[in-house]
Structures are given as C-alpha cells and as structure tokens.
Amino acid sequence: MDYITGGFIHAIQLLLAGDPQTFSAIATTLKASTLSIIISLLIGIPLGFILGYLNFPGNRQLRAVVDTLLALPTVVVGLLVYALISRRGPLGELGLLFTIPGISVAQTILVLPIVISLTATAIESLDRRLRTNLLTLGARGKQIAITSLLEARYAVLAAGVTAYGRAISEVGISMMIGGNIKWHTRTITTAIALETGKGQFAMGIALGIVLLAIAFTINGILSTLKRKTA
Amino acid sequence: MSSKSPLYALSNVRHGYGREFNLIIPEFYVEQKTSLGLVGPNGCGKSTLLRILSFLEMPNTGEISFLGTKVGADLAELRNQVTLVLQEPYLLKRSVFENVAYGLRIRGERHHLKDRVHEALDWVGLPPKTFAGRHWWELSGGEAQRVSVASRLILRPKVLLLDEPTASVDTHSAALIQKAIIDIRNRFDTTIIIASHDRTWLNSITDSIIRIHNGRIVGAGIENIIPGPWEADTDNLWSKRIGDGNKIYALQPPELNAVAVLHPWDVMIATEEPSSISAQNILRGEIKQLNVARENGRIQIEVQTPGIALTCTVTDRAAQTLSLLPGKKVFVVFKASSLIWQ
C-alpha cells in the first residue's frame, strides 16, 4: 500500500511543481480533443439536425447506421485511420501519422456518431406544440428550423459535452495514431498506460487526478445542461 | 379583397384525421370585426375548426375564402394576419421579453420593440418591470398563458383565435385574459373567435355563439344541446343516461342518436325538490356561474347537474328571491316535451 500512498503524494508534488512532462501530456490531450470536438460539432450538428428534423426516404435506416456507430471501438477507428494515413496509405502524403492533428482526425470519426445521434434525438424530442406555436406566430420554413435548433440548444450542447468526454478519455486512437511520443503526442491516457507499465505510479496517478477532474467538470456541465433541457 | 366581404366563408368543408371526417360544414360565414364563440363538448371539432380558420391546416375537401379571396396553397402569408392562442401555452426557452417579441422579430419589425413588448405585457396584466426579464420556467400556468396571449396581441392581428384560453388557468388570469381580449377588439377592431366549453364565459365576451356537436354546427345562441344515445323508457318516454344513475326524459326521438335542444327559458330552478309536479325531469345540481344575458337583461345561470351542465334564465327578481348564487344546491326542472329535436 505504501507505494500507492507514496504515488499519491508524489503526484500532488508533480502537479504543484508544474512538472513539464506531466503538463505536456495534459496540453496534448486538450489540444487533440478540443480540435476533434470542434470539427465533429461543425459537421455533426447540421447532420444530426437534418436527421432529426426532416423526414426523408432512408432516414430510419441512416439513423440505425449512426446509432450502430456509437459502439465503434477505438482500436478499430485507430486501425482504419492508421491504414489511411500511414506512408503506404492513400492519405499518407498528408503526414498526419504520429501528429496531434492525426489523433484529432481519428477522434472526430469516433465522436461524430455521438454528436449526430444525440443532436437528432434532441430535435426529435422537441415538444410537438413548438411547430404549431411558431406557425401561429407567423414563422416560416427557415425561421422554424432555426428556432427549433435554438430550442434544443441545451440538449445539443450536452451532446457536445458527452462527445468531449469520450474523446478525452480514449486511449486506443492516441496510442495507435499518436504513437505516444514524449513531448509530442503523449496524451494523459497513453502516459498513464506507459507509466503504469513501467511501475512509475506517481506520474500515472497525477495524470489520473487531472483526467478525473476534467471528467467531473464535464459531468457537472452535463447535469446543468440536462436540468435546463428538462 | 373587399371590406364588405365576409372575413371567412367556408363552403362544403370536410376535414378529418382518419377515415372519418371530424368536421363537416356545408356553409359557414364569419363577418369582419365580430366576436364569435364556438361552444361544444370535448372532441366535437372546435379545435379542428380553429386550426382551419388559423390556416394551420387546409380542409380535406371544400373551399375557404378569406376576405373574399379563395384560400390557396400559400397559407404562410395569411398566417401573418391571423393568429391562434393554444389551449396549453407553449413558451420558447427564452425570457418573457423574447417570447413576446418573437413574432415582431421574425417580421423584421424592430422599431420601438421594447415599448411594444411592455405595452403588450401591460395589456395582459403582467407588469413589464417584474415579468419582462423572467425565464420561461419562472411563470405559473396562468402567467404563461398570459405571455402566450401577449405574444399574439403584440402582432395586432386582423383575427385573434383562442382555443379554450382559460381552461387551465386560475380565475384571476382568466379575468385578465378576458379584459385583454375585449381591449384589443376595441382598440384595433380585431375579429375574435373563441372556442370554449364554458358557455356563460363565452356569452359574456362574444357577440354570438355557435354550437358544434360531432363535427357539425348544430345551432346558435345559448340553448342547451343534449346529444343521444336515447333509449325507450316507460310511459312512452325516451331517456338518456347522464351521471349518478340520473336520466333526462324526452319524447320519441327521430333516431337513437338524435340531438335535442332545450331552451334556457324552458328550464326552471327550485331550491327544494318539487314533489307534485307534472314535469318529468327533475335534476339535482349546483350553480356554477351567473351572468346577465345580453339580449334581455335576464339572469343566465349555469347549473352543473350530474354529467351535464345546463343553462337556464330567470328574472332578476327570481334570482334575488331564491338567493341564487354560485355554489348553491338547486334543482333544475323541465318537461320532456321541452326537448326539441334538431
């Protein structure tokens, strides 16, 4: 037990002292996940809105595909993206392998179904009286669509926060696409995996504390948004 | 468009949501600047008619003209002149101010927006200083309905339609909504069409009332409408079961589901149960509302009997002598022959 307690004490010391290696992993994680979430929101919210708002042929089938992709394993995404961006792959020339943008691209593929599916659900769950109410106030097609999206804003934001939680805590993609390169692509999760393997618990625990703090913050935001949606 | 044309003219309108038509109206006119009440039981077609009049839906068959022009596919333009207050208010997840301002914003009318929103809130008895900044969740049901009414009044519509606007609000809010409706009509000559099952309330706010039953317009005024089914009873009479084992007796109906009309002046009120009386119908009930009838100044009383509310009229003197006040237990008495078949 002593090594665990010792690990905790050392972890606090690392965080308080601003250990460069620890904070490099934190910064890499935040950069990669933030970039991936921005891209996935830009693509996912319009697609989710279309899926939830419009009734077109194939809508249900498309929805079933998106919902299935929610369970996409990170290593499968890692494998596919690796195959595409490795030197031999069709996108090898972009030089994304073992870079933060490379991790972001793969994380975007991972969390995009979450954003699309939860946005579509948010739009579908809007009160049926909303449309009638807007029509009686004189709103027309585009105005009704924009107002509907704004009415679902808290649920859509909650979709983004949920997706961020998934991106920040995944390990498979960061390991396979990032390569866990020190000072460069080492993220919180890959660093924890590496340090634990080496028996160096202090840095692992320090990073674990940071990850938990981020998770608590995300959960806090999520519960606030859920309350506002209700 | 002509100013002399009726506001609405409906011809051979049939509308429904399943295989059957919920609304069948051979002919129906609404004149401009009038105040019309639609009365009838739940599910009779009042709301469907309001949805058609507010251009939310087009009827399955038939024609509608608005101000002399046949209504075609472009309903959006017409909805700028006509607005509907829904029975259950739906407020946008925004402040009260933004809810009331919404209709003007989407029309691009931002001139004196703040003043106009505050004016509309004043009309429905919501002090702007207290309510404009409130969120949608910080309102009671009655306040939410008043915000919903204010968000329509601010548009100064040509036609204001209201679907059971006071069904789920407190009496204070109901009175303020009534005042706001009368005010907007006086100020802007707005045509008012209100659907309600509360005949007494409707009578106090509208010029005329039409009755709807089973999707058909069955009459006008404050008559009591008693629908079937009727079944053969003793002494060559027919009866309809209402609540608590009570029955209403009538003469032989033309068909089992015939609708009977009972004029309010044919209904008597007694404060004690009459014993030696030839009338077959003696129903125990409680006075719900009193109102001065517009036409003749008599007192119009609504009595809730088991299963049916009946309207009757008495003289001012009779009302005073019998101390007829809301809540008083009374007996309503009428002859079987007073029921007239539609």
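Within each chain, residues carry numbers counting from 1 in the order of the written sequence. Starting at A for chains and at 1 for ligands, labels are handed out in the order in which the entities are written. Whole-chain, interface and lining totals are the exception, using all residues; otherwise, since this is a predicted model, local features are given only for residues with pLDDT of at least 70 and side-chain atom pairs are given and counted only at 80 or more. The basis for every side-chain value is the complete set of non-hydrogen atoms in the structure, without hydrogens or water.

1. Describing the overall build of chain A
Keep this limit in mind: We count a stretch as a helix when DSSP gives it H or I for four or more residues in a row; a strand needs E for two or more, and each element gets its number in order from the N terminus. Each residue is assigned to one of three classes by its accessible area relative to the maximum for its type, calculated with a 1.4 Å probe on protein chains only: buried under 20%, partly exposed between the two thresholds, exposed over 50%. Contacts were defined at the residue level, with two residues in contact if any of their heavy atoms lie within 4.5 Å. All accessibility values rest on the Shrake-Rupley procedure with a 1.4 Å probe; residue burial counts only the protein chains present in the view.
Helix and strand content of chain A: 11 helices and 0 strands. In chain A, the order of α-helices and β-strands from amino to carboxyl end is α-α-α-α-α-α-α-α-α-α-α. For chain A, the spread of C-alpha atoms along the principal axes amounts to about 65 × 45 × 25 Å. When burial is assessed residue by residue, chain A has 48% of its 230 residues classed as buried. If you take every contact in chain A between residues at least 6 apart in sequence, the share linking residues at least 24 apart comes to 77%. Within the structure as shown, chain A displays about 11700 Å² of accessible surface, and the carbon and sulfur contribution to it stands at 69%.

2. Looking at the sheet that holds strand S6 (residues 82-85) of chain B
By way of backbone hydrogen bonds, the strands of a sheet pair with one another, either parallel or antiparallel. Residue and element names in this part refer to chain B. Where we set the bar: Pairing between two strands is assigned when DSSP locates at least 2 bridges connecting them. Interaxial angles span 0 to 180 degrees and are taken between N-to-C directions of axes, which are lines fitted to C-alpha atoms, for helices over the stretch in contact.
Strands sit in the order S6-S7-S8-S3-S9-S10 across an open sheet of 6 strands; the sheet is mixed. Across the chains shown, the open sheet's two edge strands, defined by having one partner strand only, are S6 and strand S10 (216-220). Taken over all neighbouring pairs, the strand axes of this sheet differ in orientation by 20 degrees on average, direction set aside. The pairing of strand S9 (residues 208-213) with S10 spans 4 bridges and is antiparallel. Bridge pairing in S10 links Ile212 to Ile217.

3. So, the packing of helix H3 (residues 96-106) of chain B against helix H6 (residues 141-153) of chain B
All names here are of chain B. Where we set the bar: Each helix crossing is assigned a hand: it is left-handed if the near helix lies turned anticlockwise from the far helix by less than a right angle, otherwise right-handed if that turn is clockwise.
Where H3 contacts H6, the two axes come as close as 7 Å, and the packing angle between them is 35 degrees. Seen from above, H3 lies across H6 with right-handed handedness. When H3 is examined against H6, the residues Val96, Asn99 and Val100 are found in contact with a partner set consisting of Val147, Ala150 and Ser151.

4. Focus: the nonpolar core
Stated precisely, the cut-off is as follows: Here, the term nonpolar core denotes a set of buried Ala, Val, Leu, Ile, Met, Phe, Trp, Tyr and Cys residues that are joined through side-chain atoms within 4.5 Å.
One finds Tyr8, Phe66 and Ile193 of chain B to be the most contacted residues of the largest nonpolar core, which totals 133 residues. Considering each element in turn, this core owes the most residues, 11 residues, to helix H11 (residues 201-229) of chain A. With residues near it in sequence (within four places) discarded, Tyr8 of chain B still touches Phe28, Tyr29, Val30, Leu53, Phe55, Ser65, Phe66, Val82, Val159, Leu161 and Ile193 of chain B. Counting 25 residues, the second-largest nonpolar core is a separate cluster that includes Ile242, Ile248, Leu262 and Phe334 of chain B.

5. Details of the side chain of Thr48 of chain B
Take Thr48 of chain B: it is sitting in helix H1 (residues 46-53). Sequence-distant contacts of Thr48 of chain B, that is, excluding residues within four places in its chain, are made with His15, Tyr17 and Leu23 of chain B.

6. Comments concerning the sheet that holds strand S2 (residues 23-30) of chain B
Residues and elements named next belong to chain B. Reading across from one edge, S2-S1-S4-S5 is the order of the 4 strands in this open sheet, with antiparallel pairing throughout. Looking at which strands have only one partner, the edges of the open sheet turn out to be S2 and strand S5 (69-70). One ladder, built from 7 bridges, connects strand S1 (residues 8-15) with S2; its direction is antiparallel. Paired with His15 across the two strands is Leu23, which belongs to S2.

7. Quick notes on helix H6 (residues 129-136) of chain A
Summarising burial for H6 of chain A: 6 of the 8 residues are buried, a large majority. Taken as a whole, H6 of chain A has its buried residues at Leu130, Thr132, Asn133, Leu134, Leu135 and Thr136 of chain A. Buried residues along H6 of chain A sit in contact with helix H7 (141-151) of chain A together with H1, S6, H3 and H6 of chain B. Positive backbone phi, at 95 degrees, marks Gly138 of chain A, one or two positions downstream of H6 of chain A.

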